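Observations on the three-dimensional arrangement
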Amino acid sequence: MIFNNIYLHNYTMKRDVSFNYLKISGVMAFFRKFILLILLGFIFTAAFAKPKLASKKQIEMFRNTKTCIVLEDGIHYYNAYIQNAVTKFWKATEYEFIDQTEFEKRRSDSKYSFLVLMDWIYDDDPAGISYNFITLVLGGSPGTLVQMPELCSIPLSYSDNKNPDLEYVIPAIVQFMQMHVKKLGYSRFLISLQGLKFYNDKLEFRDKVLLLDKDGMALYVDTPDRIKPVYPYYIKLLSTTEIKDEMASNPSNAIFHFHVGPEKGSAAGKCFEMIFDAAGHLYYYNDRKITNEKGDGFNLDDFRKIR
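Remember, it's a predicted structure, so these values are computed and weren't measured experimentally.

A few words now on empty space enclosed by the protein. Counting across every chain of the model gives 1 cavity of 30 Å³ or more. Considered as a void within the structure, the largest cavity measures approximately 30 Å³ in volume. As for the largest cavity, its lining consists of Tyr77, Tyr78, Leu117, Asn132, Leu156, Ser157 and Leu166. Across the lining of the largest cavity, the residue classes break down as 5 nonpolar, 2 polar and no charged.

As structure tokens, then:
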């Protein structure tokens, strides 16, 4: 022990030194556990078949790129929504709309960044279900799409869902992505550990009207009476069309729920729950595996977290 060579003259001094040693040992044990949790976080993050988060240097490079908005072949609803939202709200960089062929020509050029739809498959999913994510990546990688440095990715739908209602959420996502890149500049480490859950608990719900997608609610929280005991603030249960109509007036006190899940009756894959406001601030994000015990939809645990 580090105290073996110290000559102590009385019992009190010995007891004090021993106590201080135990305190130091306790602190060291805490830090060992903390470092282990960080390492586990990195292992968990690496399990996804997704692009690697951009480095700090690459994040700084983004502001000098031209952002290419990649339009989809045959997905006319998405093309219309993204063109409209980018034209209105994209301020971070110069931008241009391009097709898939042009994307393949440009994607290894570091003077470009790209807003593109990507299919993701989680490595730990035995069913191999794929999801559409809208992803902001940097050019310059000569390899595959998933090797391009990622700045932001947001789930939009299951890949086999041909007609998701995205018109009301894409403007918020376009605005959020630009704010997120700025946040990455000084919070990259925490975001690399937490993902989009980094934003949970950052904003206040109590003075907001929460517009909930009634088709994206779990069992037992699908009526106002069932929701009130766990979430006492003001809510409206609406269809996605009704949410779109409410948000069209850009209400300052409204926030809305965006749900990504499987077709009705399916218990496979993951569901994603997000809450945005019209200006693109992310109030809440959660994703989880769908099981027989915890089915699809915004559930009691989600309400407890936002409360």
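Here 5 strands make up an open sheet; going across it, the order is S8-S7-S9-S10-S11 and the pairing mixed. Two strands close off the open sheet at either side, each with one partner strand: strand S8 (235-238) and strand S11 (282-289). Taken over all neighbouring pairs, the strand axes of this sheet differ in orientation by 15° on average, direction set aside. Of the strand pairs in this sheet, strand S7 (residues 209-213) and strand S9 (residues 254-260) are connected by 3 bridges, and their pairing is parallel. Bridged to Leu211 within S9 is Phe256.

This model, assessed by the stated rule, comprises 19 aromatic pairs. Between Phe176 and Phe276, the ring centres sit 6.1 Å apart and the planes meet at 70°, which makes this aromatic pair edge-to-face. Here Phe176 is found in helix H5 (residues 170-194), whereas its partner Phe276 is found in strand S10 (residues 270-277), with 100 residues between them in sequence. Comparing Phe176 with Phe276 shows no difference in burial state: the two are buried. With centroids separated by 5.6 Å and ring planes inclined at 80°, the aromatic side chains of Phe205 and Tyr283 adopt a geometry described as edge-to-face. Remark: Tyr283 occurs in strand S11 and Phe205 occurs in the loop between H5 and S7; sequence separation between them is 78 residues. The exposure class of Phe205 is buried, given its relative accessible area of 5%.

Before going further, it helps to spend a moment on the packing of helix H3 (residues 76-89) against H5. H5 packs onto H3 with a crossing angle of 50° between their chain directions and a minimal axis gap of 9 Å. Between H3 and H5, the crossing angle belongs to the class labelled oblique. The way H3 lies across H5 gives a crossing that is right-handed. Two secondary-structure elements touch here, H3 through Tyr78, Tyr81, Ile82, Ala85, Val86 and Phe89 and H5 through Ile170, Pro171, Val174, Gln175 and Gln178. Taken together, the residues of the contact of H3 with H5 sort by class into 9 nonpolar, 2 polar and no charged.

Bringing the pairing of S10 into the picture now. Judged by how many residues are buried, S10 sits mostly within the fold: 8 of 8 residues are covered. Where burial is concerned, the two faces of S10 agree: the one with Lys270, Phe272, Met274 and Phe276 and the one with Cys271, Glu273, Ile275 and Asp277 are both buried. Two strands pair when backbone bridges link them, and S9 and S10 are joined in this way by 6 bridges, in the antiparallel orientation. Counted as the bridge partner of Phe258 is Met274 from S10. Taken together, the 7 bridges between S10 and S11 define a ladder with antiparallel strand orientation. Residue pairing in the sheet places Lys270 in a bridge with Lys289 of S11. Connecting the antiparallel pair S10 and S11 is a turn made up of 4 residues, with Gly280 showing a positive phi of about 90°.

Conventions adopted
The residue numbering used here restarts from 1 in each chain and proceeds along that chain's sequence as written. Given that the model is predicted, a residue must reach a pLDDT of at least 70 before its local features are reported, and side-chain atom pairs must reach 80 or more before they are shown or counted; all residues, however, enter totals for whole chains, interfaces and linings. Based on all heavy atoms of the structure, the side-chain values leave hydrogens and waters out of the count. A pocket here means an open set of points on a 1 Å grid, computed over the protein atoms alone, that has protein on both sides within 12 Å along at least five of seven lines. A cavity is instead a set of points where a 1.4 Å probe fits but cannot get out; residues with an atom within 4 Å of a point line either one. Grid points are joined across faces, edges and corners, and a volume is the space filled by probe spheres set on the points. Here the nonpolar group is Ala, Val, Leu, Ile, Met, Phe, Trp, Tyr, Cys and Pro; Asp, Glu, Lys and Arg are the charged ones; every other residue, Gly included, is treated as polar. When DSSP finds at least two bridges between two strands, those strands are taken to pair. Strands here are runs of E lasting at least two residues and helices are runs of H or I lasting at least four, both read from the DSSP assignment and numbered beginning at the N terminus. Between the N-to-C directions of two axes lies an angle of 0 to 180 degrees, each axis being a line fitted to C-alpha atoms and, for a helix, fitted only over the stretch in contact. Aromatic rings from Phe, Tyr and Trp, with only the six-membered ring used for Trp, were paired whenever their centres fell within 6.5 Å, and each pair was classed as stacked if the ring planes differed by under 30 degrees, edge-to-face if by over 60, and tilted otherwise. Note on classification: 1.4 Å probe, protein chains only; a residue is buried when its accessible area is under 20% of the maximum for its type, exposed when over 50%, partly exposed between these limits. With respect to orientation, any angle under 35 degrees is reported as roughly parallel, any angle over 145 as roughly antiparallel, any angle of 65 to 115 as roughly perpendicular, and every other angle as oblique. Note on convention: near helix rotated counterclockwise from far helix by under a right angle means a left-handed crossing. Clockwise means right-handed. Between two residues, a contact is recorded if the distance between any of their heavy atoms is within 4.5 Å.

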